[in-house]
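# Report on the structure
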2 protein chains.
Amino acid sequence: MFDERIDDLTSDELERERKVAGGLAEATRGLVDAVIRSTVADEEMMAVTAEVEALTARLRASQIPGSFGVSHTADGTVRGHGNAVVGLRNAVAPPVHVKHSPEGRAWADIHLGAAYEGPPGLVHGGVSALILDQLAGEAAAAGGSPGMTGTLTLRYRRGTPLGDLRVEAWISRTEGYKTFVSGAISDAEGVTVEAEGIFILPRWAREGATPERFE
Amino acid sequence: MFDERIDDLTSDELERERKVAGGLAEATRGLVDAVIRSTVADEEMMAVTAEVEALTARLRASQIPGSFGVSHTADGTVRGHGNAVVGLRNAVAPPVHVKHSPEGRAWADIHLGAAYEGPPGLVHGGVSALILDQLAGEAAAAGGSPGMTGTLTLRYRRGTPLGDLRVEAWISRTEGYKTFVSGAISDAEGVTVEAEGIFILPRWAREGATPERFE
C-alpha cells in the first residue's frame, strides 16, 4: 500500500524538508558506498551494524505505513520523494536531478559510483535502463504527453564507465495516447547506451484527472 | 577504477564475510527504507544524519580505492559483492538471490519495498528492467553462453505492485557469440513485464579467457 497525502506545506516548509530529509538520504548514500568499499575489521563492521540498526529504529519510531507514494502540496506540487531514480528521500536513487524543456526534452548530468556497478568498473546495464526509463518518462511529461512505460528498448554500444555521465531523452513523435521517446547515456567519448520507449497515458487517466508523470 | 583482487579466502572465511559484510548491508537496507518512510521530527532526523555520517567515517577508515569490482577466491569463485542487483555488500541491491539450472534458466523470488517505487504503490518500470537484465545475463551464463547485454527490450503489460514477485529468464536460442534470452516478472495474478535480450560475448573474452558472467 502507499500513502497519498495532501500536505499543506508552505514553500518554506518544503524547502526545510528538502534540507532535512534530503540531507539524511544523502548521508545514507555515503553509508551505502562505504559499506561496499570498507575493509575495516570484522569486529568494527559488526559494531557499526548494531549502530545502524539502532538509528533505523529511531527513524521508525514514527513512519508512514507503506511506500512514499506521492504527496501534494497546497499549490498542487506533486512530490515523489520515494522514487527509485529521482527521489529526494531515496538512497537507492543517485539521485538524478532532471532538467526539462517544454518541447519534450529531459536531461541530467550524473555521477554513478560503486553502488551502480555491474561488470568491474562499469555501470550495470540494468542501471542504465533504470535511469533512461525515468528520463524518457520525464521527457514525455515535459512535452505535455505524460504516460507510463509501455515498451522500452535499450541498445548497449559499449560499456558505460562508472563516473561522470550525461543522460538525455526527447520526444520523437506522438500518436494519440502514445508518446515515442528516444534517449541516450554518454560519457566524454560519446554515446554508450541508446533507448527507445513508448509511453502510454493509462486508461484511468484519460478522463477527468490532470495528466501528470508520477516521479 | 575498480579493484580486481585475489583473496586467498577459505570457504570458512568467505562464510564469515558473508555474515559480517552481508549483515551490515542488510542493516543498511533497513535504514534506506526507514529514511524514505520516517516522519520523526526534524531535530531527530538531523541528529540521526550526524550519526550516519560518523558511522560512514568509521567504515571509511580503511577502504578500497574504487568500486568493488570482482575478487577471486583460491578455488576460482568470482565474487561480485558490489553488484547493483545481486551484490551481498550493496544496499542498493534488494538483493536478488538467483537460482540457476544448466539448460540456461535463472529465477528468483523477490520482495520489493518502498525503495523500488516509481508510480505510487508500483515498482519503478526501470527497476523491473534492472532486475530482468541481471536475470537474463545469469540465464545466458548458466547455459554456458555468458555475455554482456547487447540489446534489451521490455514490454510492460500492467503495473507491477510492490511486494512479493517472481522473476525468471531463460535462453531461447544461441547464434555464435549471441545468446537470445527471454524473461518475465510476475505477481500472484500473472506476468506484469516481459523482456527479450541479446547477450554478446565480448571480443576480448573470446580467446583465452574463461567465459564468465560478471555478477
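The model shown is predicted, which means the values in this text are computed figures rather than measured ones.

Criteria and cut-off values
Residues numbered from 1 in each chain as written. Chains lettered and ligands numbered in written order. Predicted model: local features only at pLDDT ≥ 70, side-chain atom pairs only at ≥ 80, totals over all residues. Heavy atoms only, no water. Least-squares fit on C-alpha atoms with pLDDT ≥ 70 in both. Contact = heavy atoms within 4.5 Å. Buried < 20%, exposed > 50% of the residue type's maximum accessible area, 1.4 Å probe, protein only. Helix = DSSP H or I, 4+ residues; strand = E, 2+ residues; numbered from the N terminus. Pairing = 2+ DSSP bridges. Polar contact = N/O pair within 3.5 Å; in protein donor to acceptor, adjacent residues only side chain to side chain. Expected span 1.5 Å × (residues − 1).

### Let's talk about the relation of the copies chain B and chain A
Between the two copies, chain B and chain A, the superposition gives an RMSD of 0.0 Å; the rotation angle is 180° and the shift along the axis is 0.0 Å. Look at the turn and shift together and you get a two-fold axis relating the two. The position closest to the rotation axis in chain B is occupied by the C-alpha of Thr 153 of chain B, lying 2.1 Å away. An overlap of 100% is found between the interface residues of chain B and their copies at the interface of chain A, pointing to a shared contact surface.

### Some points on the pairing of strand S8 (residues 178-187) of chain A
The side chains of a regular strand alternate between both faces of the sheet. Residues and elements named next belong to chain A. Most of S8 is tucked away: nine of the ten residues are buried. Sheet analysis places strand S7 (residues 163-175) next to S8, joined by nine bridges and oriented antiparallel. Counterpart to Arg 173 in the pairing with S8 is Phe 180. Linking S7 back to S8 in an antiparallel pair, the connection comprises two residues, with Gly 176 at a positive phi of about 60°.

### Description of unusual backbone geometry
Cis geometry is adopted by the peptide bond preceding Pro 95 of chain A, which originates at Pro 94 of chain A and carries an omega value of -15°. Among the secondary structure elements, Pro 95 of chain A is positioned in the loop between strand S3 (78-79) and strand S4 (99-101).

### Points about the side chain of Asp 133 of chain B
Relative to the helices and strands, Asp 133 of chain B is located in helix H3 (residues 125-142). At 3.5 Å, the side chain of Asp 133 of chain B and the side chain of His 124 of chain A are in polar contact.

### Notes on H3 of chain B
An α-helical segment advances 3.6 residues per turn. Residues three or four places apart therefore align on the same side. Residues and elements named next belong to chain B. Over its 18 residues, H3 extends 26 Å from the first C-alpha to the last, a length consistent with the 26 Å expected when each residue adds 1.5 Å. Counting buried residues in H3 gives 16 out of 18 residues, a clear majority hidden from the surface. Where H3 terminates, the next one or two residues include Gly 144, which has phi positive at roughly 90°.

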